[in-house]
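Here's the letter readout for the chains.
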Amino acid sequence: MKTIGLVMIVKNESRSLRKCLSRAKKLVDRIYITDTGSTDDTVKIAEEFGAHISTYAWNNDFAAARNYSLKQSDCDWNLILDADEYLVSGKKKDLVKFAEKGGCIGAIRRYDSYREDNGEISKSCTHTTRFVPKGTFYEGRVHEQIVSELPVVPLLLTFEHDGYLQGGKGERNLEILLEELKEKPEDAYVLYQVSRTLWLIKEYERADGYFESFYREVPEEGTGYRANGVIAYIYNLLELKKWEEGFRIIENEESRLGDYADYHFACGTFYTQAIFSDVERYVGYLPEIEKSYLRCLEIGEVPEHEGVKGNGSFKAAYNLGVWFEVNGKKQEALKYYQMSKKQGYQPAGERMKNL
């Protein structure tokens, strides 16, 4: 039977490490922890779980640290996690079966929690390659990626990730990304990460030029990140009130992203804000708001599209409710508020009380 190791790099992770390891330990045979300079109880917690502990002098290169940590494992296959990722579902037998079959590398499903401007906690879905055979390695200083010619196949493992709620990671990652961009100024993936990081930390003006470069360089097909990058670009243009540029991107992408609920959600939001900014000029887009959110509900939730949870269900229904409410269509508004509320979206219930 193939042996399975849990491999992690950590630094000052006492907040989350115990929770991570207490759930993940049932998936693996051995645990390998590489510490990159902790000053809290991180190493002590790792020792509680019988982990093999190693140290690595941090040098602003996540791939180098990951590769060092992977070399510490003598297992046949390795599951790679961060300390702020917590197992929700999945069993060791599924990993063993995957490893015994071979010929592929495995991607976990992860739900990332983040805080909206209004204080609401939302979740977005990502799939990231984390289960690999011994001898596999990474490249990329930050947002590092597995180097392998093997096809990536989804695992029956789901995790929750709360690291983005803690703050500070965007600024840290940006510094490393900009250094990497100096070496690879036309690399679409690095441009994607730089522009999206700036957007997430709300430096919209600064992000704009990087988004332009990303959009120019990214291939139209064959990448797993293009859709998320384009959708983020639309939202960044909204923040900058670059309406004409946004309409151009939206029109360009209809044929490629028309099956993505997140694309249509972004379109509906963009149309709404554009009309509010200049009703006379953009009133022609009025019917597109309703069409966009209805299309979101038609598509539904597709985790493989790595979008925001709710954009194909309760959030789209809620926005339709608001749309009908402000247009004086009470019965239609109640219909979609009820739909949203049934799916557990509390703000919909609050709107219903006021109707």
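Since the structure is predicted, the reported quantities are computational estimates derived from the model, not experimental observations.

Draft legend 1. How the structure looks around the packing of aromatic side chains. Using the criterion set out here, one finds 24 aromatic pairs in the structure. Their ring planes at 55° and their centres at 5.3 Å tell us that F247 and Y282 sit as a pair that is tilted. Of this pair, F247 sits in helix α9 (residues 243–257) while Y282 is found in helix α11 (residues 279–282), placing the two residues 35 residues apart along the sequence. Comparing F247 with Y282 shows no difference in burial state: the two are buried. Three or more aromatic residues joined by ring pairs form one cluster here, namely W243, F247, F270, Y271, Y282 and Y285.

Draft legend 2. Looking closely at the sheet that holds strand β6 (residues 105–115). Within the open sheet, the eight strands sit side by side as β3-β2-β1-β4-β7-β6-β10-β5. Their pairing is mixed. Lying at the two open borders of the sheet, with one neighbouring strand each, are β3 (52–55) and β5 (85–89). Strand-to-strand, the axes of this sheet are offset by a mean angle of 30°, without reference to chain direction. In this structure, strand β2 (residues 30–35) lies alongside β3, joined through four bridges in parallel fashion. From the neighbouring strand, D35 faces β3, where its bridge partner is T55.

Draft legend 3. Examining the side chain of N173 more closely. Looking at the element boundaries, N173 is found in helix α5 (residues 169–183). For N173, a relative accessible area of 10% gives the class buried. Ignoring sequence-local partners within four residues, the contact set of N173 consists of F62, V142 and H143.

Procedures and definitions
Residue numbers restart at each chain and count upward from 1, following the sequence in its written direction. Totals for whole chains, interfaces and linings use every residue, but because this is a predicted model, local features are given only for residues with pLDDT of at least 70 and side-chain atom pairs only at 80 or more, for both listing and counting. Computation of side-chain values: all heavy atoms of the structure, hydrogens and water removed. In summary, the pairing rule links any two rings of Phe, Tyr or Trp, Trp by its six-membered ring, whose centres are within 6.5 Å, and it sorts them by plane angle into stacked for under 30 degrees, edge-to-face for over 60 and tilted for everything else. Numbering of helices and strands starts at the N terminus; helices are DSSP runs of H or I of at least 4 residues and strands are runs of E of at least 2. With a 1.4 Å probe rolled over the protein chains alone, any residue whose accessible area is under 20% of its type maximum counts as buried; one over 50% counts as exposed, and the rest are partly exposed. The pairing criterion is simple: DSSP has to find at least two bridges between the two strands. Lines fitted to C-alpha atoms define the axes, with helix axes restricted to the stretch in contact, and inter-axis angles between N-to-C directions lie between 0 and 180 degrees. The contact criterion used throughout is that any non-hydrogen atoms of two residues lie within 4.5 Å.

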